[in-house]
Amino acid sequence: MTAKPYEGKDVTVTFDGERCLHSAECVRGLPRVFDTARRPWIDPDGAPAAEVAEVIRRCPSGALQYQLADGPEEKPAEVTTVVRTDDGRLVMRGDLRVGREGAEDVRETRVTLCGCGASGHQPYCDHSGRCGAGS
């Protein structure tokens, strides 16, 4: 699956459903922009672009990304962090290059990687194995 774009006047939000771990940071953080009961469920013009970007940066899986109309891409955290959750997933932030054997690396700023090897969307966690079952 590729990320689906939601274009607004000042910000474009992209969403990759295969990477979403349903942490609901977006829905809790800015419900007037992210509303799963509405179609389309993302309204990038529902809040100022800076607020939309701030909430998207809370998304631990990187399923949500943004591009400001008048600015650069999301900047990675200055310090790279890797946190292993109790269920084994790896939550990473920073200037990351993520890949798998035989595939080209992808630049990322936020990811949650599978720690058990059962994900069908390797190396990303997709809740299909024991490391995603506890969340």
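Before going into details, it helps to say that this report is about the structure given with it. (Residues numbered from 1 in each chain as written. Predicted model: local features only at pLDDT ≥ 70, side-chain atom pairs only at ≥ 80, totals over all residues. Heavy atoms only, no water.)

1. Focus: the side chain of Ser119
Here Ser119 lies in the loop between β6 (106-113) and α3 (130-133). At 3.0 Å, the side chain of Ser119 forms a polar contact with the backbone nitrogen of His121. (Helix = DSSP H or I, 4+ residues; strand = E, 2+ residues; numbered from the N terminus. Polar contact = N/O pair within 3.5 Å; in protein donor to acceptor, adjacent residues only side chain to side chain.)

2. Some words on the sheet that holds β6
Read across the sheet, three strands follow the order β4-β5-β6 without closing on themselves; strand pairing throughout is antiparallel. On the outer flanks of this sheet lie β4 (81-84) and β6, each paired with one strand and no other. Pairwise comparison of adjacent strand axes, ignoring direction, gives a mean angle of 20° for this sheet. Note: strand β5 (residues 90-98) against β6, seven bridges, orientation antiparallel. Bridge pairing links Met92 to Val111 in β6. (Pairing = 2+ DSSP bridges. Axes fitted to C-alpha atoms, helices over the stretch in contact; angles between N-to-C directions.)

3. A word on the pattern of salt bridges
According to the stated counting rule, one finds nine salt bridges in the structure shown. We note a salt bridge from Glu25 to Arg28, for which the minimum N-O separation is 3.3 Å. A residue pair is termed a helical-turn pair when its members lie 3 or 4 positions apart in one helix, as Glu25 and Arg28 do in helix α1 (residues 25-29) at three residues. Here Arg28 falls in the exposed class, since its relative accessible area comes to 55%. Asp87 is the salt-bridge partner of Arg89, the closest N and O atoms lying 3.1 Å from each other. According to the relative accessible area criterion, Asp87 is partly exposed, its value standing at 22%. (Salt bridge = Lys/Arg side-chain N within 4 Å of Asp/Glu carboxyl O. Buried < 20%, exposed > 50% of the residue type's maximum accessible area, 1.4 Å probe, protein only.)

4. Things to note about helix α2 (residues 49-56)
Side chains three or four residues apart in an α-helix point the same way, a direct result of the helix having 3.6 residues per turn. Here α2 has its buried residues at Ala49, Val52, Ala53, Val55 and Ile56. The buried residues of α2 occupy one face: seen down the axis, they fall within an arc of 165°. Taken together, the buried residues of α2 touch β2 (11-15), α1, β3 (64-68) and β6. (Arc of directions from axis to C-beta. Contact = heavy atoms within 4.5 Å.)

5. Describing the sheet that holds β3
If you walk across this open sheet you meet the three strands as β1-β2-β3, and the pairing is antiparallel. A strand with exactly one partner marks an edge of an open sheet, and here the two such strands are β1 (4-7) and β3. When strand polarity is set aside, the average angle formed by the axes of neighbouring strands in this sheet is 20°. Bridge analysis of β2 against β3 gives five bridges, and the strand direction is antiparallel. Within the sheet, the bridge partner assigned to Val11 lies in β3 and is Leu68.

6. Here we look at the packing of aromatic side chains
The final tally for this structure, using the stated rule, is two aromatic pairs. Between Phe34 and Trp41, the ring centres sit 5.9 Å apart and the planes meet at 50°, which makes this aromatic pair tilted. This pair shows no difference in class: Phe34 is buried, exactly as Trp41 is. The rings of Phe15, Phe34 and Trp41 are connected pair by pair, giving a single aromatic cluster. (Phe/Tyr/Trp six-rings, centres within 6.5 Å; stacked < 30°, edge-to-face > 60°.)

7. Considering the nonpolar core
With 21 residues, the main nonpolar core has Val13, Phe15, Phe34, Ile42, Val52 and Leu64 as its most contacted residues. Those elements that provide at least two residues to this core are β2, α2 and β3. Sequence-distant contacts of Phe34, that is, excluding residues within four places in its chain, are made with Val13, Cys26, Val27, Trp41, Ile42, Val52, Val55, Ile56 and Leu64. Counting residues in each nonpolar core, the second largest holds seven residues, with Leu90, Met92, Val98 and Val111 among its members. (Core = buried A, V, L, I, M, F, W, Y, C linked by side-chain atoms within 4.5 Å.)

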